[in-house]
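Residues per chain, in single letters:
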Amino acid sequence: MLKIALTGGLATGKSHVLARVGTLGLPTIDADIVARETTRPGEPAWREVHERFGDAILQHDGSLDRQALASIVFSDEPARRDLEHILHPPIYATIAAWLDDLAQAGAHRAAVADIPLLYETGHDGDFDKVVVVACAPDTQLRRVMARDGLDKPEAQRRIATQLPLTQKAARADIVISTEGTLQRTNTQVDRLVREMSQAT
């Protein structure tokens with residue numbers, strides 16, 4: 001079974017691509033959803049995050065206030081590194097176990113894991129293929145500002161915490177451009193799924 005990693009940058013369209021892949025029949029997993037599951041109140045990672053960042057990043061029900069946490073870690077690199085050190089091991093362990101279970105079941109020729117910080121964490125070698133979802137830098141900036149309600153300097157600061165899209169695209173096995181229409185993006189995704197589904 002082909003292990004495929006899907007990555008890119010903030011607001012480049014990874015979620016849309018992943019959803020399209022799933023609709024077309026390949027199993028998918030989203031590292032962001034895994035992160036939410038591993039930081040539910042009472043989970044080991046939740047306790048570590050709470051211990052490191054305090055009550056200010058908790059909501060009334062004890063769940064993480066992700067906006068409050070983001071505002072801290074995107075403006076404080078050591079804090080961001082601490083958070084990544086807490087979250088990445090359980091996230092990657094969950095994804096690896098999911099892939100192993102699928103491979104043993106033998107029902108699929110490929111599976112796709114959406115991992116935003118794949119290259120930054122040095123895990124690209126864990127996968128057979130890496131697909132990068134990319135758009136023009138100015139398009140990405142506009143999308144981040146619109147999606148997250150950020151001003152330009154804050155959006156730029158958050159984008160700068162990741163490797164530039166051009167570097168990710170240069171290292172990818174396959175690049176899907178979301179610069180055009182959804183139809184053009186979907187056409188690329190459809191072709192990718194056909195090729196991966198036929199892989200041996």
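Summary of the structure given here. (Residues numbered from 1 in each chain as written. Predicted model: local features only at pLDDT ≥ 70, side-chain atom pairs only at ≥ 80, totals over all residues. Heavy atoms only, no water.)

**Here we look at the overall build of the chain**
This is how it is decided: For helices the rule is a DSSP run of H or I covering at least 4 residues; for strands it is a run of E covering at least 2, with both sets numbered from the N terminus onward. This radius of gyration counts C-alpha atoms alone. The globule rule is 2.2 Å times how many residues there are, raised to the power 0.38. In this description, contact between two residues means that some pair of their heavy atoms is separated by no more than 4.5 Å. In these tables, accessible area is a Shrake-Rupley quantity obtained with a 1.4 Å probe, and a residue counts as shielded only by the protein chains included in the view.
The helix and strand inventory of the chain stands at nine helices and five strands. Of the regular secondary structure in the chain, the N- to C-terminal order runs β-α-β-α-α-α-α-β-β-α-α-α-β-α. Relative to a compact globule of 200 residues, whose C-alpha radius of gyration would be 16 Å, the chain shows 17 Å and is just as compact. For the chain, contacts bridging at least 24 residues in sequence account for 71% of all contacts bridging at least 6. Just so you have it, the chain exposes about 10500 Å², and 50% of that area is on carbon and sulfur atoms.

**Some points on the environment of aspartate 30**
Put simply, the rule is: Accessibility here uses a 1.4 Å probe with only protein chains present; expressed as a share of the type maximum, an area under 20% marks a residue as buried, one over 50% as exposed, and anything in between as partly exposed. In protein, a polar contact means a hydrogen-donor-capable atom and an acceptor-capable atom, both N or O and within 3.5 Å, with residues adjacent in sequence counting only if both atoms are side-chain atoms; elsewhere, any N or O pair within 3.5 Å suffices.
Along the polypeptide, aspartate 30 turns up in strand β2 (residues 28–30). Residue aspartate 30 is classed as buried on the basis of its relative accessible area, which comes to 13%. Counting along the chain gives 84 residues from aspartate 30 to aspartate 114, while the straight-line C-alpha distance between them is 4.8 Å. Aspartate 30 has contacts with Leu18 and Asp114, leaving out every residue within four places of it along the chain. A polar contact of 2.8 Å, which involves the side chain of aspartate 30, links it to the backbone nitrogen of aspartate 32.

**As for the layout of surface pockets**
Which entries qualify depends on this criterion: Detection works on a 1 Å grid of protein atoms alone, calling trapped sets that fit a 1.4 Å probe cavities and calling open sets with protein on both sides within 12 Å along at least five of seven lines pockets, with lining residues defined by an atom within 4 Å of a point. Grid points are joined across faces, edges and corners, and a volume is the space filled by probe spheres set on the points.
Of the volumes computed, that of the largest pocket is approximately 1300 Å³. Lining of the largest pocket is provided by 40 residues; of these, Leu10, Asp32, Ala70, Phe74 and Arg147 occupy positions nearest its centre. Looking at the lining of the largest pocket, the elements with two or more residues in it are α1 (14–23), α2 (31–38), α4 (66–73), α5 (77–105) and α6 (137–148). Considering each element in turn, the lining of the largest pocket owes the most residues, seven residues, to α5.

**Overview of the packing of aromatic side chains**
To keep things clear, this is the line we draw: Each pair of aromatic rings taken from Phe, Tyr and Trp, with Trp reduced to its six-membered ring, is defined by centres within 6.5 Å and is described as stacked if the planes are under 30 degrees apart, edge-to-face if over 60, and tilted in the remaining cases. Charge-over-ring contacts are defined here by two conditions on Lys NZ or Arg CZ: a distance within 6 Å of the ring centre and an angle within 35 degrees of the ring normal.
Counted under the stated rule, the structure contains zero aromatic pairs. Sitting over the face of the ring of phenylalanine 53, arginine 52 holds its NZ or CZ atom 4.6 Å from the ring centroid.

**Structural notes on the sheet that holds strand β3 (residues 110–114)**
Sheet strands pair via backbone hydrogen bonds, and the direction of the pair is either parallel or antiparallel. The condition that has to hold: Pairing between strands is defined by DSSP: at least two bridges between them are needed. With axes taken as lines fitted to C-alpha atoms, and helix axes fitted only over the stretch in contact, angles between N-to-C directions fall between 0 and 180 degrees.
One open sheet accounts for five strands, arranged β2-β3-β1-β4-β5; its pairing is parallel. The strands lining the two open edges of the sheet, one partner per strand, are β2 and β5 (174–177). Looking at each pair of strands side by side, their axes are set apart by 20° on average, direction ignored. Of the pairings in the sheet, the one linking strand β1 (residues 2–8) to β3 comprises five bridges and is parallel in character.

**Remarks on the packing of helix α3 (residues 44–53) against α5**
Counted only if it meets this: Note on terminology: angles under 35 degrees are roughly parallel, angles over 145 are roughly antiparallel, angles of 65 to 115 are roughly perpendicular, and the others are oblique. We call a crossing left-handed when the near helix sits turned anticlockwise from the far one by less than a right angle, and right-handed when that turn is clockwise.
Relative orientation of the contacting elements α3 and α5 amounts to 160°, with a least axis distance of 9 Å. Comparing their axes, α5 and α3 come out roughly antiparallel. Where α3 crosses over α5, the two elements pack in a sense that is right-handed. Of the residues in α5, those touching α3 at Ala45, Glu48, Val49, Arg52 and Phe53 are Pro78, Ala79, Asp82, Leu83, Ile86 and Leu87.

**Points about empty space enclosed by the protein**
In this structure the tally under the stated criterion is one cavity of 30 Å³ or more. What lines the largest cavity is simply Ile4, Val21, Leu26, Val112, Leu192, Val193 and Met196. The element that contributes the greatest number of residues to the lining of the largest cavity is helix α9 (residues 182–198), accounting for three residues.

**Details of the pairing of β3**
Within β3, five of the five residues are buried, which leaves it mostly tucked inside the rest of the structure. Neither face of β3 is exposed, since Ala110, Val112 and Asp114 on one face and Ala111 and Ala113 on the opposite face are all buried.

**Some words on helix α7 (residues 152–159)**
Counted only if it meets this: This arc describes the spread of directions from the helix axis toward the C-beta atoms.
Looking at α7, one finds that the buried residues are Glu154, Ala155, Arg158 and Ile159. Along α7, the residues classed as buried sweep out an arc of 135° about the axis, all on the same side. Each element contacted by the buried residues of α7 is listed here: α4 and α6. Its side-chain oxygen at 2.9 Å from the backbone nitrogen of glutamate 154, aspartate 151 defines the N-terminal cap of α7.

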